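Listed below, chain by chain, are the residues.
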Amino acid sequence: MTRRHPVNRAQRRVNRPPRERFATRDLTVDVDGSRCRGTLYLPSGDGEDPPVVVMAPGLGAERSFGLPAVAERFADAGYAAFLFDYRGFGESDGRSQLVEPARQRADYAAAIDRVGRIDDVSDELVLWGTSLSAGHVLTLAAERRDVDAAVAVTPMLDARAIAVDRGGRYLGRAGTTGLRDLLGHRLGRGRSVPIVGDADELAAITEPGAKRAYLDLVDRESTWRNETPARSLLRLVNYRPVERLGEIRAPTLLLAGSDDAIVPVDRVVAAAEELSRGTLVTMPADHFSAFGDDFEPAVGHQLSFLRDALDR
């Protein structure tokens, strides 16, 4: 997680802080008899205990897909950051690559509990997510009262609206294939679909340009597969974090890309109006470029928000 050379195409020009500016520690998180694994990034020096940012990857991704660069910048700015893989992904237990929002939120909650037992971080808690994990962060921020700030980068606010935008043919194929997998996987007749595919494919992400941008973030040393059980589509289609925004009490950043083909910027703008303590930033970016070509302005907005939200 802390290699100092680019591990994906998208981040070849991203500036990384010097290695001596932060420390790392491997952590495991117990969840229902399984383990999530992650890396804790800590600022160097002997200052006061830092706030901690809990981070997880987006739809079908691993934590190595561009996110260590973000965690390093948080640590360089004086925050601790715990970046972990969900069960079924990356270095965590399991290989299913199943995308199930409720299960992933349980992993987040367990990760929060884990960092709460670390002596050298403060009790100030920030939840961070991108794409689907941003939806998890917003849902958890609505449910919990120990969240001091939330950061949602190109947030997937309404999976149902995204699926409807793809049309009736997509909805029909997703429903049929998902049900076949749901019924057949226990008998060894499960079906998988790509996590990211072309516009004419049945995949979890199909918008134009998304496949190349997503794959450019894949760690070249990862064993990740571009597939997920088809029942993931059933789990996703009714996931609507946008319905919970009015319940969030913590300061919340929504960072939207004006060129985002997956989550149209006008939907994020409308969603921001539901937040009682919301900050909306729109920038010329697509769904993934906040971790590539638009990394610097995106990280800058996040750090500026955290300074204000946590009064640092």
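Everything below is about the structure shown above.
For the structure given in this document, a descriptive report is provided here.

Reading the values: rules and limits
- Residues numbered from 1 in each chain as written.
- Predicted model: local features only at pLDDT ≥ 70, side-chain atom pairs only at ≥ 80, totals over all residues.
- Heavy atoms only, no water.
- Axes fitted to C-alpha atoms, helices over the stretch in contact; angles between N-to-C directions.
- Helix = DSSP H or I, 4+ residues; strand = E, 2+ residues; numbered from the N terminus.
- Parallel < 35°, antiparallel > 145°, perpendicular 65-115°, else oblique.
- Left-handed = near helix turned anticlockwise from the far one by under 90°.
- Contact = heavy atoms within 4.5 Å.
- Nonpolar A, V, L, I, M, F, W, Y, C, P; charged D, E, K, R; others polar.
- Core = buried A, V, L, I, M, F, W, Y, C linked by side-chain atoms within 4.5 Å.
- Buried < 20%, exposed > 50% of the residue type's maximum accessible area, 1.4 Å probe, protein only.
- Patch = residues over 30% accessible without salt bridge, like charges linked within 9 Å, V, L, I, M, F, W, Y side chains within 5 Å.
- Areas by Shrake-Rupley, 256 points an atom, 1.4 Å probe, with all protein chains shown as cover.
- Salt bridge = Lys/Arg side-chain N within 4 Å of Asp/Glu carboxyl O.
- Pairing = 2+ DSSP bridges.
- Phe/Tyr/Trp six-rings, centres within 6.5 Å; stacked < 30°, edge-to-face > 60°.
- Lys NZ or Arg CZ within 6 Å of the ring centre and 35° of its normal.

## Remarks on the packing of helix α2 (residues 101–115) against helix α3 (residues 132–143)
So, step 1. The interhelical angle for the contact between α2 and α3, taken along N-to-C directions, is 65 degrees, at an axis separation of 10 Å. As summarised for this structure, α2 and α3 are arranged roughly perpendicular, according to the angle between their axes. When the axes of α2 and α3 are compared, the crossing they make is right-handed. Across from Pro 101, Gln 104, Arg 105 and Tyr 108 in α2, the residues of α3 making contact are Leu 132, Ser 133, His 136, Val 137, Thr 139, Leu 140 and Glu 143.
So, step 2. In terms of residue class, the contact of α2 with α3 is made up of five nonpolar, four polar and two charged.

## A closer look at the nonpolar core
So, step 1. If you look at the biggest cluster of nonpolar residues, it comprises 105 residues, and the most contacted ones within it are Val 54, Met 55, Leu 59, Phe 74, Phe 84, Trp 128 and Tyr 214.
So, step 2. Of the residues forming this core, the biggest block, seven residues, is contributed by α3.
So, step 3. Beyond its immediate sequence surroundings of up to four residues, Leu 59 is in contact with Val 99, Ser 131, Leu 132, Met 156, Ile 195, Ala 204, Ile 205, Tyr 214 and Leu 236.

## Here we look at a nonpolar patch on the surface
So, step 1. Residues Leu 179, Leu 182 and Leu 183 make up a contiguous nonpolar surface patch of about 290 Å² in total accessible area.
So, step 2. In this structure Leu 179 comes out as partly exposed when scored by relative accessible area, which is 46%.

## Observations concerning unusual backbone geometry
So, step 1. Positioned with a positive phi, Ser 131 is a non-glycine residue whose angle comes to about 55 degrees.
So, step 2. As for its position among the elements, Ser 131 is in the loop between β5 (125–130) and α3.
So, step 3. For Thr 154, which is not glycine, the phi dihedral falls at a positive 40 degrees.
So, step 4. Mapped onto the elements of the fold, Thr 154 is located in the loop between β6 (149–153) and α4 (159–165).
So, step 5. For Thr 154, a relative accessible area of 4% corresponds to the buried category.

## Considering the packing of helix α1 (residues 67–76) against helix α9 (residues 295–309)
Each packed pair of helices is defined by two parameters, the angle between the axes and the distance between the axes.
So, step 1. Two elements in contact, α1 and α9, have axes separated by 11 Å at closest approach and are oriented at 40 degrees. Our classification of the angle between α1 and α9 gives oblique. Both α1 and α9 take part in a crossing whose hand is right-handed. When α1 is examined against α9, the residues Ala 69, Val 70, Arg 73 and Phe 74 are found in contact with a partner set consisting of Phe 295, Glu 296, Val 299, Gln 302, Leu 303 and Leu 306.
So, step 2. Tallied by class, residues from the contact of α1 with α9 come to seven nonpolar, one polar and two charged.

## Observations regarding the sheet that holds strand β4 (residues 80–84)
So, step 1. Spatially, eight strands are ordered β1-β2-β4-β3-β5-β6-β9-β10 in an open sheet, and the strand pairing comes out mixed. Either end of the sheet is taken by a strand with one partner, and the two such strands are β1 (22–31) and β10 (278–283). Strand-to-strand twist across the sheet, computed as the mean angle between neighbouring axes with direction ignored, equals 20 degrees.
So, step 2. Here four bridges tie strand β3 (residues 52–55) to β4, and the two strands are oriented parallel to one another. Its bridge partner lying in β4, Val 53 is registered against Ala 81.
So, step 3. Against the sheet, α1 engages β1, β2 (34–43), β3, β4 and β5, with an angle of about 45 degrees to β2.
So, step 4. Here helix α8 (residues 265–272) sits on the sheet and contacts β9 (252–257) and β10; the angle it forms with β9, its principal contact strand, is near 165 degrees.

## A word on the packing of aromatic side chains
What describes a pair of aromatic rings is the distance from one ring centre to the other and the angle between the planes of the rings.
So, step 1. For the structure on display, the rule yields nine aromatic pairs.
So, step 2. Taking the centre distance of 6.2 Å and the plane angle of 75 degrees together, the rings of Trp 128 and Phe 291 count as edge-to-face. Here Trp 128, found in strand β5, pairs with Phe 291, found in the loop between β10 and α9; they are 163 residues apart in sequence, far enough to count as distant.
So, step 3. Residue class for Trp 128 comes out buried when judged on its relative accessible area of 0%.
So, step 4. Judged by its relative accessible area of 4%, Phe 291 falls in the buried class.
So, step 5. Put simply, the rings of Phe 65, Tyr 214, Trp 224 and Phe 288 touch in pairs and so form one group of aromatic residues.
So, step 6. The ring of Tyr 170 has Arg 166 sitting right over it, with the charged end atom 4.9 Å from the ring centre.

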